[in-house]
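A closer look at the structure
Now for the letters of each chain:
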Amino acid sequence: MNTKELVCLAARLADEKKAENIKVLDLGGLSSLCDYILIATATSKPHLDAVEEEISKKLKEQGYYKLNRDGGDSNLWRVSDYGGFLAHVMTQEARDFYALDKIFSFGKEISYKEPVKKAVKKKPAAKKPAAKAKTAAKKAAPKKTAAKKTAVKKAVKKTAVKKAALKAKAAAKKAAPKKTAAKKSAAAKKTAKKK
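For the structure given in this document, a descriptive report is provided here. (Residues numbered from 1 in each chain as written. Predicted model: local features only at pLDDT ≥ 70, side-chain atom pairs only at ≥ 80, totals over all residues. Heavy atoms only, no water.)

With that out of the way, let us pick up the pairing of strand β1 (residues 20-26). Across 5 bridges, the pairing between β1 and strand β2 (residues 36-42) is antiparallel. Pairing of V24 across the sheet is with L38, part of β2. Bridge count between β1 and strand β6 (residues 108-110): 3 bridges; the pairing is antiparallel. By the bridge assignment for β6, D26 is matched with K108. (Pairing = 2+ DSSP bridges. Helix = DSSP H or I, 4+ residues; strand = E, 2+ residues; numbered from the N terminus.)

Glancing now at the packing of helix α1 (residues 3-16) against helix α2 (residues 45-61). As a packed pair, α1 and α2 sit with axes 9 Å apart at the nearest point and diverge in direction by 135 degrees. The pairing of α1 with α2 is recorded here as oblique in orientation. Of the two possible hands of crossing, α1 and α2 adopt the one that is right-handed. Counting all contacts with α1, which are made through L6, L9, A10, L13, A14 and E16, the residues of α2 involved are V51, E54, I55, K58 and L59. Split by residue class, the contact of α1 with α2 holds 8 nonpolar, no polar and 3 charged. (Axes fitted to C-alpha atoms, helices over the stretch in contact; angles between N-to-C directions. Parallel < 35°, antiparallel > 145°, perpendicular 65-115°, else oblique. Left-handed = near helix turned anticlockwise from the far one by under 90°. Contact = heavy atoms within 4.5 Å. Nonpolar A, V, L, I, M, F, W, Y, C, P; charged D, E, K, R; others polar.)

The next subject is the sheet that holds β1. Here we have 6 strands laid out as an open sheet, ordered β3-β4-β5-β2-β1-β6, and mixed in their pairing. In this open sheet, the two strands that pair with only one neighbour each are β3 (68-70) and β6. Along the sheet, successive strands turn relative to each other by an average axial angle of 20 degrees, direction set aside. Judged from the 7 bridges that link them, β2 and strand β5 (residues 85-91) form a sheet pairing that is parallel. By the bridge assignment for β5, I39 is matched with H88. Taken strand by strand, α1 contacts β1, β2, β5 and β6, and its axis lies near 5 degrees from that of β2.

Residue position: S80 is located in strand β4 (residues 77-81). In this structure, S80 is in contact with E52, K66, N68, F85, L86 and A87, ignoring residues within four places of it in sequence.

This part takes up the pattern of salt bridges. One pass over the full model with this rule turns up 7 salt bridges. Of the charged contacts in the structure, one is a salt bridge between D49 and R78, with a shortest N-O distance of 2.7 Å. Here the residue D49 occupies a position in helix α2, and R78 occupies one in strand β4, the gap between them amounting to 29 residues. Given the relative accessible area of 28%, D49 is considered partly exposed. In this structure R78 comes out as buried when scored by relative accessible area, which is 2%. Note that E52 and K66 form a salt bridge whose closest N and O atoms lie 3.4 Å from each other. Here E52 is found in helix α2, whereas its partner K66 is found in the loop between α2 and β3, with 14 residues between them in sequence. Assessed through its relative accessible area of 7%, E52 is described here as buried. What makes K66 partly exposed here is its relative accessible area of 25%. Connected via shared salt-bridge partners are K45, D49, E52, K66, R69 and R78. (Salt bridge = Lys/Arg side-chain N within 4 Å of Asp/Glu carboxyl O. Buried < 20%, exposed > 50% of the residue type's maximum accessible area, 1.4 Å probe, protein only.)

Spelled out as structure tokens, the structure:
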């Protein structure tokens, strides 16, 4: 769950506990404090306790814990730090006095009522088949190339074997007449000696 989803969940939890005038402000990296601010109004100290407790309990169930808390037993204002966002639960008089809405007026108010939808990138449909065809062609091309290379290698080997055989035959033919000539001259010498 990202920070925006988390702060919206906390705002919905405050809303379930009947907190009033709930605002979620997206500071969009404009503040060094946090990315989001949740401001909610409670009508009394018990209501303040209930809203803060509900947010804390439900976020713990999701695996998110407070990094810090301020306001302890204050009857007016409680702040819970969840890292990416701060949850301010306060009475109306504290909200009017401290004017957090004005202090963080540079932030953009976002709706917390519905779960945050994740942005889905849409790709043009026409490109997908072409991309698949290109991928298939690329995959098929190496196979064809490999088959062609194998066929060429076999042809080269056959040609080399044929050439070697032809050379051997030619060498044998050349050598054969020499042997007979040598035999003839040897035979002639023998006959000459006999005479």
